[in-house]
Amino acid sequence: MTAVELPEPTVSGRGPGRLPVRRDGRVRLLRRVFCVLPPLLVTVVAVRHRSVLAEGFGHLATARWPWLLAAACATCLTWVAAACTRQGAVVERLPRRRLLAAQFAAGAANHLLPTGLGASAVNLRFMAVCGLPLARSSAALALYLLAESVGRVALLGVLLIVFPGALRLGTLLPEGAAGPLLIVVGAVPVVAAGVLALVPRLRAAVVSFLRTALGEARSVHTRPARALALWGGAFTFPALQAAALVLVGRSLGLPVPAAHMAVAYLAATVAVALVPTPGGIGSVEAALVVALVAAGGPAAVATAVVLAFRLMTVWLPLLPGALTLAALVRMRVI
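Analysis parameters
- Residues numbered from 1 in each chain as written.
- Predicted model: local features only at pLDDT ≥ 70, side-chain atom pairs only at ≥ 80, totals over all residues.
- Heavy atoms only, no water.
- Helix = DSSP H or I, 4+ residues; strand = E, 2+ residues; numbered from the N terminus.
- Buried < 20%, exposed > 50% of the residue type's maximum accessible area, 1.4 Å probe, protein only.
- Contact = heavy atoms within 4.5 Å.
- Areas by Shrake-Rupley, 256 points an atom, 1.4 Å probe, with all protein chains shown as cover.
- Salt bridge = Lys/Arg side-chain N within 4 Å of Asp/Glu carboxyl O.
- Phe/Tyr/Trp six-rings, centres within 6.5 Å; stacked < 30°, edge-to-face > 60°.
- Patch = residues over 30% accessible without salt bridge, like charges linked within 9 Å, V, L, I, M, F, W, Y side chains within 5 Å.
- Core = buried A, V, L, I, M, F, W, Y, C linked by side-chain atoms within 4.5 Å.
- Expected span 1.5 Å × (residues − 1).
- Axes fitted to C-alpha atoms, helices over the stretch in contact; angles between N-to-C directions.
- Parallel < 35°, antiparallel > 145°, perpendicular 65-115°, else oblique.
- Left-handed = near helix turned anticlockwise from the far one by under 90°.
- pLDDT = per-residue confidence, 0-100.

### A closer look at the overall build of the protein
Along its length, the protein carries 12 helices and zero strands. Counting helices and strands in the order they occur from the N terminus, the protein gives α-α-α-α-α-α-α-α-α-α-α-α. Counting every position in the protein, which comprises 334 residues, the buried fraction comes to 40%. For the protein, contacts bridging at least 24 residues in sequence account for 76% of all contacts bridging at least 6. Accessible surface for the protein amounts to roughly 18,400 Å². Of this, 71% is attributable to carbon and sulfur atoms.

### Some points on the pattern of salt bridges
Evaluation of the coordinates by the stated rule reveals three salt bridges. Of the charged contacts in the structure, one is a salt bridge between Glu-92 and Arg-136, with a shortest N-O distance of 2.8 Å. Of this pair, Glu-92 sits in the loop between helix H3 (65–88) and helix H4 (96–110) while Arg-136 sits in helix H6 (residues 134–162), and the two are 44 residues apart along the sequence. The closest approach of N and O atoms between Glu-148 and Arg-152, which form a salt bridge, is 2.6 Å. Of this pair, Glu-148 and Arg-152 are both found in helix H6, four residues apart, which corresponds to roughly one turn of the helix. Given the relative accessible area of 13%, Glu-148 is considered buried. Beyond isolated ion pairs, a larger network of salt bridges with shared partners links Glu-92, Arg-136 and Glu-216.

### Considerations on the packing of aromatic side chains
One pass over the full model with this rule turns up two aromatic pairs. When the centroid spacing of 4.7 Å and the interplanar angle of 70 degrees are considered together, the rings of Trp-79 and Phe-104 count as edge-to-face. Separated by 25 residues along the polypeptide, Trp-79 in helix H3 and Phe-104 in helix H4 bring together distant segments of the chain. Summarising the burial analysis for this pair, Trp-79 and Phe-104 share the class buried. Measuring from centroid to centroid gives 5.7 Å for Tyr-265 and Phe-309, while their planes differ by 75 degrees, and the two rings are edge-to-face. Note that Tyr-265 is positioned in helix H10 (residues 258–271) and Phe-309 in helix H12 (residues 299–330), a separation of 44 residues in sequence. Residues Tyr-265 and Phe-309 agree in their burial class; the two are buried.

### Focus: a nonpolar patch on the surface
Together, Val-158, Ile-161, Val-162 and Phe-163 make up a nonpolar patch on the protein surface, roughly 390 Å² of accessible area in all. By secondary structure assignment, the location of Ile-161 is in helix H6. The exposed category is assigned to Ile-161, whose relative accessible area is 69%.

### Some points on the nonpolar core
Counting residues in hydrophobic clusters, the biggest one holds 47 residues, and the most contacted among them are Val-248, Leu-288 and Leu-292. Broken down by secondary-structure element, the contributors of at least two residues to this core are H3, H6, helix H9 (224–251), H10, helix H11 (283–294) and H12. No other element matches the 11 residues that H12 contributes to this core. What Leu-292 contacts, discounting residues up to four positions off in sequence, is Leu-245, Leu-254, Val-256, Met-261, Ala-264, Gly-297, Ala-302, Val-305 and Val-306. In this structure, Leu-99, Leu-132, Ala-147 and Leu-325 belong to the second largest nonpolar core, which totals 32 residues.

### Focus on H4
For H4, built from 15 residues, the straight-helix expectation of 21 Å at 1.5 Å per residue is met to within 8% by its first-to-last C-alpha distance of 21 Å. Along H4, the residues classified as buried are Leu-99, Ala-102, Gln-103, Phe-104, Ala-105, Ala-106, Ala-108 and Ala-109. Its buried side turned inward, H4 meets H3, helix H5 (117–129) and H12.

### A word on the packing of H9 against H12
The contact between H9 and H12 brings their axes to 9 Å, and the two run at 130 degrees. Between H9 and H12, the interaxial angle falls into the category oblique. Considering only the axes of H9 and H12, their crossing is right-handed. Residues Gln-241, Ala-244, Leu-245, Val-248 and Gly-249 of H9 lie in contact with H12, whose contacting residues are Val-305, Ala-308, Phe-309 and Met-312.

### A short note on the confidence of the model for the protein
Taken residue by residue, the protein gives an average pLDDT of 79. The fraction at 70 or more is 69%. Below a pLDDT of 50 lies the segment residues 8–19, which in the model reaches five contacts outside its immediate sequence neighbourhood of four places, other chains included.

### Quick notes on H6
Taking 1.5 Å per residue, 29 residues should reach 42 Å; H6 reaches 42 Å between its end C-alpha atoms and fits that length. When H6 is considered as a whole, its buried residues turn out to be Ser-137, Ala-139, Ala-140, Leu-141, Leu-143, Tyr-144, Ala-147, Glu-148, Gly-151, Arg-152, Leu-156 and Leu-159.

### Observations regarding the environment of Ala-262
Note that Ala-262 resides in helix H10. A residue is classified by how much of its surface remains accessible, and Ala-262, at 13% relative accessible area, is buried. As a C-alpha pair, Ala-262 and Leu-155 span 107 residues in sequence and 9.7 Å in three-dimensional space.

Have a look at this one:
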């Protein structure tokens, strides 16, 4: 008997040839949605905070422009510092221009989603497109977050040692709140350890991740250039952010020493690090005003400085960052 060759099913038929087309169509649809979503979210957030934006623009109009230009330069350099830290967290060389563009886009995503989820998602996707496995890219992300946190807290600690009177901590915490706060902070690792002890699968996953993360950290620190990029960027990033606030404060005549403003900024951002709001919108402003007042600034001027600072560092880059994010999605960079 001779074999009879059956015709291949066409794309329009019911054969297996139809599945890739469906999947391709879904991917294209998702990309179109992700291209439109960031600018749409920016519009929604801007409408919700339109009074804050209007007041911030009003304060910028009365500021001294040389100081504001210097603050804008410091803000732009923060994306360079973030790119250096991201590169230092992985052994492989990442494409520089795309890495810098991804950090600019991640900044916008970070202000649209809570607790840094936006920036983490953008960078995980970027590293995946660059060819890094998910386990290693997650370990690199954890190393970046650890280095950035250590740099911020260490910088705050050094400034508090050098300028012990820069911040009146008693005005930042309600009376009697220090004890419960310490109890909560101490209870977190105990609860985490209990959960890991009771759930073997979760414990195995955490142990596997820690092994990968430690291996990645060892590999990075065997290369001096990577270690310098990681820790240099981790310390430079919060220093540039604090410098931007100091320069905005100078532009509006805030009568607080520069070191005290830097301490106020670092203390406020450390305090709101665990607050689950998109980019800290709302919580950062409140904490900054309280911290600047605690550093000795008048409440009215401190409020004007914070509004102008957040407008320059968050709101003005938000739309260009969202458009960059949409462009990177369209170009399949992320």
